[in-house]
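# Topology and contacts: notes
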Amino acid sequence: MKVLVYKDAKKPLQKNEEIYYHNLKFFIEQVYKDVMVSDIEEDFDIAHFISLNHKDKIIKLKKEKDVPVVVTYIRKRSRQKEDDPTDLQIPNEEIKILNMVDKVIVFTKNEYAILKNNKVETPIEIIGPGVREARFSSMNDLEIAAFIQYAGINKKDKIAVSMIDPRYSEDIINLYRIANEFKEMKFFVFVVQNKKVHIPWKNKRLLKKFPKNINFMSEIDEDLYKSSLLRADYLITPSNPTNAELLIYDAMITKTPIFAFYSSLLDTILYDKENAYICDDVESAIKLIKDMYEKKIPLLVEEAYEFVKEESFEHIASKINLLYRDLLQKNKETQEV
């Protein structure tokens, strides 16, 4: 079986999409013995897209080739706290593309409900992004030390990794308050990048007035990303966790304690005082971090590790394999009619 996993060098993937791409590439190389193709003009049996930014290629493929097309829908936007997180509206253009393909994969039940509420009629399957522990356990000493050298930190420094979507001033302010409270701690923050999204002027001003112990990272390669999680003492996720699932899973597999501002979009992944600490506001976040700093509360890293093992990539890969083969069989039966 030849699988096209499309990636356009002119349209860089978001960090979440990039990690998923590498996981998918690894799966195909292991299961189908390195028969992945990347050019839409080549011959292949099934196509898998991981970004709707390539909608023109999806349309072209559906018109010109009789092969099954799969899209993994990775949510581009998040919401403020909602009683019903599935109330999210997605663009009509995206709905049109999703209804054109043969199968849609989503990571969570919430995303499944979002697409159903937006009248996506294509069959949808919930398959998590998969976590490959070997991505971290196979790293050599130089790779593990890469972030320490990049960030100029020493063994005694306390490190927190976080993420920010610059559209949300509340999350920026919360992070600043935490950083000011823990001046001895160093914060390394992944900034969600999306050139098509407008960032409010006041937020741009906020981002320029950050505390000295915050370091923003808009672009970081795979080795530095992995090394940062292995070195981090804490992960802090905001109340608007745009595409945070893979970062959270990776924190669990690297046994990094997690503090998460409440987001109903993550309520099928994070469970308070079971695999993470859920913070209702910045005051509770500061108290919980201080309590862990002083060893008054458990890390919960072993509990989170056991939870995420259910999302092991070996388990997820078997589901994707079955999905591919089912689509190929249905396509064959359709051609024979």
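Heads up: the structure comes first, above all this text.
In this report, the structure presented in the accompanying data block is examined. Being a predicted model, the structure only gives us computed values, none of them experimental. Per chain, residue numbering runs from 1 following the sequence as it is written. Given that this is a predicted model, residues contribute local features only at a pLDDT of at least 70 and side-chain atom pairs are listed and counted only at 80 or more, while totals for whole chains, interfaces and linings are drawn from all residues. Computation of side-chain values covers all heavy atoms of the structure but excludes hydrogens and water.

## A closer look at the overall build of the protein
- The secondary structure listing takes helices from DSSP runs of H or I that are at least 4 residues long and strands from runs of E that are at least 2 residues long, numbered from the N terminus. Scanning the protein from N- to C-terminus turns up 14 helices and 12 strands.
- Between the two quantities, the radius of gyration covers C-alpha atoms and the globule rule is 2.2 Å times the number of residues to the power 0.38. Relative to a compact globule of 337 residues, whose C-alpha radius of gyration would be 20 Å, the protein shows 21 Å and is just as compact.
- Its C-alpha atoms put the protein at 70 × 40 × 35 Å along the principal axes.
- We call a residue buried when its accessible area falls under 20% of the maximum for its residue type, exposed when it is over 50%, and partly exposed in between, using a 1.4 Å probe and counting protein chains only. Sorting the 337 residues of the protein into buried and exposed places 53% on the buried side.
- Across the protein, contacts joining residues at least 24 apart in sequence account for 73% of those joining residues at least 6 apart.
- Note that accessible areas follow from Shrake-Rupley with a 1.4 Å probe, and for residues the cover is restricted to the protein chains shown. Total accessible area computed for the protein in this model is approximately 16,300 Å², and 49% of it derives from carbon and sulfur atoms. Between two residues, a contact is recorded if the distance between any of their heavy atoms is within 4.5 Å.

## Things to note about the environment of Tyr6
- Tracing the backbone shows Tyr6 in the loop between β1 (3-5) and α1 (15-31).
- Residue Tyr6 is classed as buried on the basis of its relative accessible area of 8%.
- A C-alpha to C-alpha distance of 8.0 Å links Tyr6 and Val37, two positions 31 residues apart in sequence.
- Residues contacting Tyr6, with those up to four places away along its chain left out, are Ser38, His48, Phe49, Ile50, His54 and Lys57.

## Considerations on the pattern of salt bridges
- A carboxyl oxygen of Asp or Glu within 4 Å of a side-chain nitrogen of Lys or Arg is what we treat as a salt bridge. Under the counting rule described, the total for this entry stands at 19 salt bridges.
- The partner of Asp272 in a salt bridge is Lys273, with the nearest N and O atoms 3.1 Å apart.
- Relative accessible area serves as the criterion here: at 57%, Lys273 is assigned to the exposed category.
- One salt-bridge network, held together by shared partners, links Glu41, Lys60 and Glu64.

## So, the packing of helix α8 (residues 169-181) against helix α12 (residues 282-293)
- What counts as an axis is a line fitted to C-alpha atoms, over the stretch in contact for a helix, and the angles between N-to-C directions run from 0 to 180 degrees. At their nearest, the axes of α8 and α12 sit 10 Å apart, and the two run at 35° to each other. Helix-helix and strand crossings are classified by hand; for α8 and α12 the assignment is right-handed. When α8 is examined against α12, the residues Asn174, Arg177, Ile178 and Glu181 are found in contact with a partner set consisting of Val282, Glu283, Ala285, Ile286, Ile289 and Lys290.
- Basically, the charged four are Asp, Glu, Lys and Arg, the nonpolar ten are Ala, Val, Leu, Ile, Met, Phe, Trp, Tyr, Cys and Pro, and anything else, Gly included, counts as polar. Its residues assigned to classes, the contact of α8 with α12 shows five nonpolar, one polar and four charged. Working rule for handedness: look at the near helix, and if it is turned counterclockwise from the far one by less than a right angle, call the crossing left-handed; if clockwise, right-handed.

## Structural notes on the side chain of Ser162
- With respect to the helices, strands and loops of the structure, Ser162 is situated in strand β7 (residues 158-164).
- In protein, a polar contact requires one atom able to donate a hydrogen and another able to accept it; more generally it is a pair of N or O atoms within 3.5 Å, and residues adjacent in sequence count only if both atoms are side-chain atoms. One polar contact links the side chain of Ser162 to the main-chain carbonyl oxygen of Ile236, over a distance of 2.6 Å.
- Beyond its immediate sequence surroundings of up to four residues, Ser162 is in contact with Leu175, Phe188, Val189, Phe190, Leu235 and Ile236.

## Overview of a negative patch on the surface
- Residues Asp39, Glu42, Asp43 and Asp45 make up a contiguous surface patch of negative charge.
- Among the structural elements, Glu42 can be located in the loop between β2 (36-37) and β3 (46-49). Each patch is built from residues that are more than 30% exposed by relative accessible area and take part in no salt bridge. Like charges join if they lie within 9 Å; nonpolar side chains (Val, Leu, Ile, Met, Phe, Trp, Tyr) join within 5 Å. Under the counting rule used here, the positive set is Lys and Arg, the negative set is Asp and Glu, and His together with the chain ends is not counted. To locate a charge, take atom NZ for lysine, CZ for arginine, CG for aspartate or CD for glutamate.

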